[in-house]
Amino acid sequence: MVSMNMCDEYGANVRNRIPSPAKPCQCSWGGIDDMASVKDGKRVLSAVWKESIPCTKHLNAMGHGLGNASSLFFSSVELFLDVKAIEGYTNDDIAHSSGEINGLMALGERMAENWSSKNPYMTQVTENYILNGEGSRKETRHVVFDLGDSGLDYKVGDALGVLAENPPHIVDEIIEIQQWDADMTVTTHNGDRSLYEALKKDFEVHMANKKFVHSLAEKVVSTGMKISMNIVSRSRNGENWETSEDAAGPLTLKPSMPSDDPSAQVEAILADAKAIEDYLWTRDYVDIMREFDVKYTPEEFMELVDRLKPRLYSIASSHDAHPGFVELTVGIVRFEYNNRPRGGLCTLFMADEIDTTGNPIGVFMSPTRSFILPDDKDIDIIMVGPGTGIAPFRAFMEQRVVDGGAGKNWLFFGDQSEKTEYYYKDQIESWIDEGHLYRFTTAWSRDQEEKIYVQHRLKEHGAEIWEWFERGAYFYICGDKTYMAKDVHRALISIAMDHGGMSEADATHFIEKTMMKEEKRYLRDVY
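Note that this is a predicted model, so its numbers are computed, not measured.

A. Examining the nonpolar core more closely. If you look at the biggest cluster of nonpolar residues, it comprises 33 residues, and the most contacted ones within it are Ile174, Val205, Leu216, Tyr285, Ile288, Phe292 and Phe301. Only α7 (168–178), α8 (195–201), α9 (210–219), α10 (262–270), α11 (273–280), α12 (285–292) and α13 (298–304) provide two or more residues apiece to this core.

Laid out in structure tokens, this is it:
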């Protein structure tokens, strides 16, 4: 077991003895950029011990270089400095402190590994601002989370899991319609809590599910006698028809519409899986409860609704460029139905409830094994990320700048208008000016009469893209899975045909098998 007594005894006043950045650095460790590459904790601590006391800047950089152990690194260094500064300490005392430091470092790594969707790290949002220009029909935000003492680390390409809560007005409306006691104690998968807290934090109540719709069959009662009629025969325009096992009605007869009777309406909804999906498209529990005037006990309702699930977002920052923080690019989803405001559960939570209020929000890391930069920093990369799909490529670019390799970077970006959706403009232009971003190709779909998308720009630059592929370039895509990713995929096959001289079958094999599966240099983060 790791003893913490030495930190308690000696750690309180150590910060006061570390030189501030304004004072000359007393250590002999080169530039601060060199510190970020240090990965071996023992090597760092040994250097602190042998050299003079380092300045605060070097301490911060060293701590970040330790990755998951960074949260405990400062305690370790402070303890080392304290032991070294106190007269009368023997070699045995120093050896004892060294053992405790190693234990602290290991504890830090275990702490970082334990944060998960079931045990999120509760943090705060330090920045939350809109990226769109004036007049935009979209709301895209840059959101920054403080990783504090979590020990959490991440690499570019990873995702951040965020645990949201339901909008308070929806929780209030459900409780009011059902005439429940918001303060009553209920038991959920997260333990005992008030009904309000359970509906706010434990279940998805912002949109209804199919299980709840099916429950209406038992809850909705007919308002009158139910009469069923079947056509047994018909004569029309000289044509005769009679019922049979294969035909319950004439082929030209349109299906009857459900009556105003609530049970008939429920029956019509439940008769077809597609009808259920259409019915649920824009309805939440409040809509359905009001429409059919149904009542449930809290226990019945909680058995029907889904448990609240975390949302994953592509990380938009490099931890080397922003030590101690993780950043996102988030498209806020808002709409109205039945004169009531609706939207995305997590995006509205971050934009409206959390903002920068200091209220806690749970996060955890979701590492990727495939959507990663090439190990060889001299390899060229092509990135296609329209809209919020730019998020991981902002992180990629920040990392490529830190790494300093010779590989070229080509970014394709697009959205509706350059005036209102040119996200991270200043940073992108600085990358261009400083030679980090070799080429920046845009597709503004609404800035001209003909709509232009990233797949069109890819085809325009097909010859050069093919040259990059032949040199071993990696190709990345992030964004919409349903349309954009498919269009880009088809564009790549066309490029292989037009500029690689391949047949459609060979081009498809090259893109889908050779690049994507065998060489693993066609990588996608689509949703």
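That shown, we press on.
B. Representation of α12. Of all eight residues in α12, six are buried; the element is thus mostly enclosed. Within the span of α12, buried status applies to Tyr285, Val286, Asp287, Ile288, Met289 and Phe292. Capping of α12 at its N-terminal end is provided by aspartate 284; its side-chain oxygen lies 3.1 Å from the backbone amide nitrogen of valine 286. Residue aspartate 293 follows α12 closely and has a positive phi angle near 50°.

C. The arrangement of unusual backbone geometry in detail. Look at aspartate 355: it is not a glycine, yet its phi comes out positive at around 45°. In this structure, aspartate 355 sits in the loop between α14 (345–354) and β13 (361–366). We note that lysine 520 has phi near 55°; this positive angle belongs to a residue other than glycine. Take lysine 520: it is sitting in the loop between α21 (504–518) and β18 (522–526).

D. Representation of the sheet that holds strand β16 (residues 439–444) within the structure. The strand order β16-β15-β14-β17-β18 describes an open sheet built from five strands, whose pairing is parallel. Each end of this open sheet is capped by a strand with a single partner; those strands are β16 and β18. The mean inter-strand angle of the sheet, taken between neighbouring strand axes irrespective of direction, is 10°. Looking at chain direction, strand β14 (residues 381–384) and strand β17 (residues 474–479) are connected through four bridges and run parallel. Bridge assignment links isoleucine 381 to a residue of β17, and that residue is tyrosine 474.

E. Seen up close, the pattern of salt bridges. Within this structure, the stated rule accounts for 28 salt bridges. With its nearest N and O atoms 2.7 Å apart, the salt bridge here joins glutamate 139 to arginine 334. Note that glutamate 139 is positioned in the loop between β2 (125–130) and β3 (140–146) and arginine 334 in strand β11 (residues 334–337), a separation of 195 residues in sequence. For glutamate 464, the salt bridge goes to arginine 439, with nearest N and O atoms at 2.3 Å. Highlighted residues: glutamate 464 in helix α19 (residues 462–470) and arginine 439 in strand β16, separated in sequence by 25 residues. Judged by its relative accessible area of 26%, arginine 439 falls in the partly exposed class. Taken together, the shared-partner salt bridges connect Glu173, Asp284, Asp287, Arg290, Arg340 and Arg342 into one network.

F. Structural context of the packing of aromatic side chains. Here the structure, examined in full by the defined rule, presents 24 aromatic pairs. Consider the rings of tryptophan 410 and tryptophan 468, whose centres lie 5.2 Å apart with planes at 65°: the pair is edge-to-face. Separated by 58 residues along the polypeptide, tryptophan 410 in strand β15 (residues 409–415) and tryptophan 468 in helix α19 bring together distant segments of the chain. Assessed through its relative accessible area of 1%, tryptophan 468 is described here as buried. These aromatic residues form a ring-pair network of at least three members: Trp180, Phe212, Tyr285, Tyr296 and Phe301.

G. Spotlight on the packing of α9 against α11. Closest axis-to-axis distance for the α9/α11 pair is 10 Å, and the angle between their directions is 110°. One element, α9, and the other, α11, form an angle in the roughly perpendicular class. Contacts between α9 and α11 involve Lys210, Val213 and His214 from the former and Ile276, Glu277, Tyr279 and Leu280 from the latter. Of the residues assigned to the contact of α9 with α11, the class counts are four nonpolar, one polar and two charged.

H. How the structure looks around the sheet that holds β2. Taken together, three strands build an open sheet; the order of strands is β2-β3-β10 and the sheet is antiparallel. Two strands in the sheet have a free side with no partner beyond their single neighbour: β2 and β10 (325–331). Taken over all neighbouring pairs, the strand axes of this sheet differ in orientation by 15° on average, direction set aside. Pairing of β3 with β10, which is carried by seven bridges, proceeds in the antiparallel orientation. Bridge pairing in β10 places valine 143 opposite leucine 328.

I. Quick peek at the pairing of strand β4 (residues 159–163). Counting buried residues in β4 gives four out of five residues, a clear majority hidden from the surface. Sheet topology places β4 next to strand β9 (residues 311–314); four bridges connect them, and they run antiparallel. Its bridge partner lying in β9, alanine 159 is registered against serine 314. Here β4 pairs with β13 via five bridges, running antiparallel. Note that in β13 the partner of glycine 161 across the bridge is phenylalanine 364.

J. Quick peek at helix α15 (residues 391–403). Relative to the 18 Å expected for 13 residues at 1.5 Å per residue, α15 spans 19 Å between its end C-alpha atoms, a close match to the ideal helical length. For α15, a buried count of ten out of 13 residues is recorded, marking the element as mostly surrounded by other parts of the structure. Every buried residue of α15 is listed here: Ala391, Pro392, Phe393, Arg394, Ala395, Phe396, Met397, Glu398, Gln399 and Arg400. Downstream of α15 by one or two residues, glycine 404 has phi in the positive range, about 70°.

K. View of the side chain of histidine 319. Residue placement: histidine 319 occurs in the loop between β9 and β10. On the accessibility criterion, histidine 319 (6% relative accessible area) is buried. A polar contact of 3.0 Å, which involves the side chain of histidine 319, links it to the backbone nitrogen of glycine 324.

L. Highlighting the environment of alanine 463. In this structure, alanine 463 sits in helix α19. Between the C-alpha atoms of alanine 463 and isoleucine 495, which are 32 residues apart in sequence, the distance is 7.4 Å.

The rules behind each value
Residues numbered from 1 in each chain as written. Predicted model: local features only at pLDDT ≥ 70, side-chain atom pairs only at ≥ 80, totals over all residues. Heavy atoms only, no water. Core = buried A, V, L, I, M, F, W, Y, C linked by side-chain atoms within 4.5 Å. Buried < 20%, exposed > 50% of the residue type's maximum accessible area, 1.4 Å probe, protein only. Helix = DSSP H or I, 4+ residues; strand = E, 2+ residues; numbered from the N terminus. Polar contact = N/O pair within 3.5 Å; in protein donor to acceptor, adjacent residues only side chain to side chain. Pairing = 2+ DSSP bridges. Axes fitted to C-alpha atoms, helices over the stretch in contact; angles between N-to-C directions. Salt bridge = Lys/Arg side-chain N within 4 Å of Asp/Glu carboxyl O. Phe/Tyr/Trp six-rings, centres within 6.5 Å; stacked < 30°, edge-to-face > 60°. Parallel < 35°, antiparallel > 145°, perpendicular 65-115°, else oblique. Contact = heavy atoms within 4.5 Å. Nonpolar A, V, L, I, M, F, W, Y, C, P; charged D, E, K, R; others polar. Expected span 1.5 Å × (residues − 1).

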